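# Secondary and tertiary structure notes
Below are the chains, spelled out letter by letter.
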Amino acid sequence: MTSCPDPRDPADPGSIVSAGGIALDELADLQAGLLTPDQESALRARMAGDPDALALYGLLEQTRLELADLDDEPVPDDVAERIDTALAAEPAPQLEHDDRDATPTGPEPATDARIVDLDAARRRRRRLVPALIAAAVVVIGIVGGIAVFRPAGSTGPTGLQAGNAPAVGAQDLASLWPEVSRYRDLGFLTGSPRLASCLSRAPGPVLERDIVGAQPIVLDDQDAVLVATRVPMSQQIALTAFAPDCNLRPPLAQTLIDP
Amino acid sequence: MTLPREQGAPAEPSPDQRSDRELLAAHLAGDRDAFTLLVRRHRARLWTYALRSLRDREEAAEALQDAFVRAHRYAGSYRADAEVENWLTRIVTRVVLDKIKARRPSTVPLDEDAAGDGAREGRADAVETSDAHGEVDAQLTVKAMLAVLPDEQRQAILLVDVQGLSVAETADTLGISVGTVKSRCARGRARLAAALTATGQGRRPR
């Protein structure tokens, strides 16, 4: 809890001590939550009889308020222009293909900054297949059998484009497998740069190249796209329902089946 | 968490009422203007952070440009468990830290010419006001003293006290422990408080 005096400081905090002998540094530790409960109790007891220490503590609180109230600096015009120019020169986000080069130029963004190399993330997911599948089973539940499903109004598909979107509940996804396996209709995700991002959010590894069928559905009164994918290293099929904003949140539901 | 936004800076036109997340989603869906709107919404706050961190106008401009390009390029990797503005703050912070590391072991500039506009302005104003009135504005003192804090203390204080990130978020962003964040904040605040006392701004009865 010692501080290193800085000759550039107009005042060295280590030299500031209350009339009762409490150092500004000790009070700063208290304010920052660095003291143990015992240390804090002891210090507060000393402060109670030391108005000067209380005033010093108030000074620290004032400092925090001043910091919180600091004004932003206006962005200079030339800086704003160069940012706009750089962004205008950028292509659309590279999200559509698994084989893209996602390596950023310059220093590698840190993962804790939430900039993720999706390929690397997928490689990690592949290594975690068993655990991820188990997690999906726990969260969503495996439907072992396939119920017969006849969506009302459906006259049967005639090609890759699905007909009416069947309405189902999350527990009934498996019943759509016979239908979805015959289509390749990604609905609102067709040609969308969101697709890869949406797939990456599934609890198991869901890759575009593993898609074996897709169909727009209505899941619990919400528009969705049901995507069927092969589960790597297994004979199972993952049926995953994605919402229109699936790039911003996890899938609506997922079911694993043994076709 | 509420973050200070565009304080002091002229309000930039933002007629778009979409949320940050909606703008990011629109950007991913191909809306060419959405990301620019997002940038304009947050750039003053992040510019200020970069400038105060690096104390070099050109480096701060480079950092901000680099960070926004990265965010644009990898927007699809945004995870909805964080606010968009905090996600942007983290990206800018990482770029700023890379720049600080790259220029070590050089030390904190001692002369005002080596410091950035914000620091130079703050210190000059503080001295001038002090000479003229015998009392300085507390904000100017704090702003000026921020510029001469050690990098580690300044980073912790800028993220926790100025940007409004939690101690845990700051620890995560800086890659250090929660205790270290608290300690750096404590040391930095003590120096700033001491400066307020020295310039007569501290409300310390004597």
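Here the structure is shown first, and the text comes after it.
A brief structural summary.

Basis of the calculations
- Residues numbered from 1 in each chain as written.
- Chains lettered and ligands numbered in written order.
- Predicted model: local features only at pLDDT ≥ 70, side-chain atom pairs only at ≥ 80, totals over all residues.
- Heavy atoms only, no water.
- Helix = DSSP H or I, 4+ residues; strand = E, 2+ residues; numbered from the N terminus.
- Buried < 20%, exposed > 50% of the residue type's maximum accessible area, 1.4 Å probe, protein only.
- Contact = heavy atoms within 4.5 Å.
- Areas by Shrake-Rupley, 256 points an atom, 1.4 Å probe, with all protein chains shown as cover.
- Expected span 1.5 Å × (residues − 1).
- Arc of directions from axis to C-beta.
- Phe/Tyr/Trp six-rings, centres within 6.5 Å; stacked < 30°, edge-to-face > 60°.
- Axes fitted to C-alpha atoms, helices over the stretch in contact; angles between N-to-C directions.
- Parallel < 35°, antiparallel > 145°, perpendicular 65-115°, else oblique.
- Nonpolar A, V, L, I, M, F, W, Y, C, P; charged D, E, K, R; others polar.
- Pairing = 2+ DSSP bridges.
- Polar contact = N/O pair within 3.5 Å; in protein donor to acceptor, adjacent residues only side chain to side chain.

### Description of the overall build of chain A
In terms of regular secondary structure, chain A is built from eight helices and five strands. Listed by position from the N terminus, the elements making up chain A come as α-α-α-α-α-α-β-α-α-β-β-β-β. Across the 259 residues in chain A, those meeting the buried criterion constitute 51%. Taking as baseline every contact in chain A between residues at least 6 positions apart, the subset at least 24 positions apart corresponds to 60%. Total accessible area computed for chain A in this model is approximately 12000 Å², and 54% of it derives from carbon and sulfur atoms.

### Things to note about helix α4 (residues 77–88) of chain A
Given a rise of 1.5 Å per residue, 12 residues ought to cover 16 Å, and the 16 Å separating the end C-alpha atoms of α4 of chain A matches this to within 8%. Those residues of α4 of chain A that sit buried are Val79, Ala80, Ile83, Ala86 and Leu87 of chain A. Looking straight down α4 of chain A, one finds that the buried residues subtend no more than 130° of arc, so they occupy a single side. The exposed set on the far side of α4 of chain A, more than 90 degrees from its buried face, consists of Asp77, Glu81, Thr85 and Ala88 of chain A. Contact partners of the buried residues in α4 of chain A: α2 (34–54) and α3 (57–73) of chain B.

### Examining the packing of aromatic side chains
All names here are of chain B. Taken as a whole and judged by the stated rule, the model has one aromatic pair over all chains. Judged by centre distance (5.3 Å) and plane angle (65°), the rings of Tyr78 and Trp87 are edge-to-face. Residue Tyr78 shares its accessibility class with Trp87, and that shared class is buried.

### Some thoughts on the packing of helix α3 (residues 51–68) of chain A against helix α9 (residues 178–198) of chain B
Viewed as axis vectors pointing N to C, α3 of chain A and α9 of chain B meet at an angle of 100°, and their least axial separation amounts to 9 Å. By the angle between their directions, the pair α3 of chain A and α9 of chain B is classed as roughly perpendicular. Only Arg189, Ala190, Leu192, Ala193, Leu196 and Thr197 of chain B of α9 of chain B make contact with α3 of chain A, whose side of the interface consists of Leu59, Leu60, Gln62, Thr63, Arg64 and Leu67 of chain A. The class makeup of the residues in the contact of α3 of chain A with α9 of chain B is seven nonpolar, three polar and two charged.

### Describing the side chain of Glu90 of chain A
Along the chain, Glu90 of chain A falls in the loop between α4 and α5 (118–127). Among the residues examined, Glu90 of chain A registers a relative accessible area of 10% and is labelled buried.

### Examining the sheet that holds strand β4 (residues 237–242) of chain A
All names here are of chain A. If you trace the five strands from one edge of the open sheet to the other, you get β1-β2-β3-β4-β5, paired in mixed fashion. A single partner strand is all that each edge strand has here, and the edge strands are β1 (167–168) and β5 (253–257). Both strand β3 (residues 222–230) and β4 contribute to a ladder of six bridges, which runs antiparallel. By the bridge assignment, Leu226 is partnered in β4 with Ala241.

### Some points on the pairing of β4 of chain A
The side chains of a regular strand alternate, residue by residue, between the two faces of the sheet. Residues and elements named next belong to chain A. The buried fraction of β4 amounts to six of the six residues, a majority that puts the element mostly inside the structure. Both faces of β4 are covered, namely the face carrying Ile237, Leu239 and Ala241 and the face carrying Ala238, Thr240 and Phe242. Summarising the sheet, β4 and β5 pair through five bridges and their orientation is antiparallel. Paired with Ala238 across the bridge in β5 is Leu256.

### A short note on the side chain of Glu73 of chain A
With respect to the helices and strands, the residue Glu73 of chain A is situated in the loop between α3 and α4. Residue class for Glu73 of chain A comes out buried when judged on its relative accessible area of 12%. Reaching out from Glu73 of chain A, the side chain makes a polar contact with the side chain of Lys143 of chain B at a distance of 3.4 Å.

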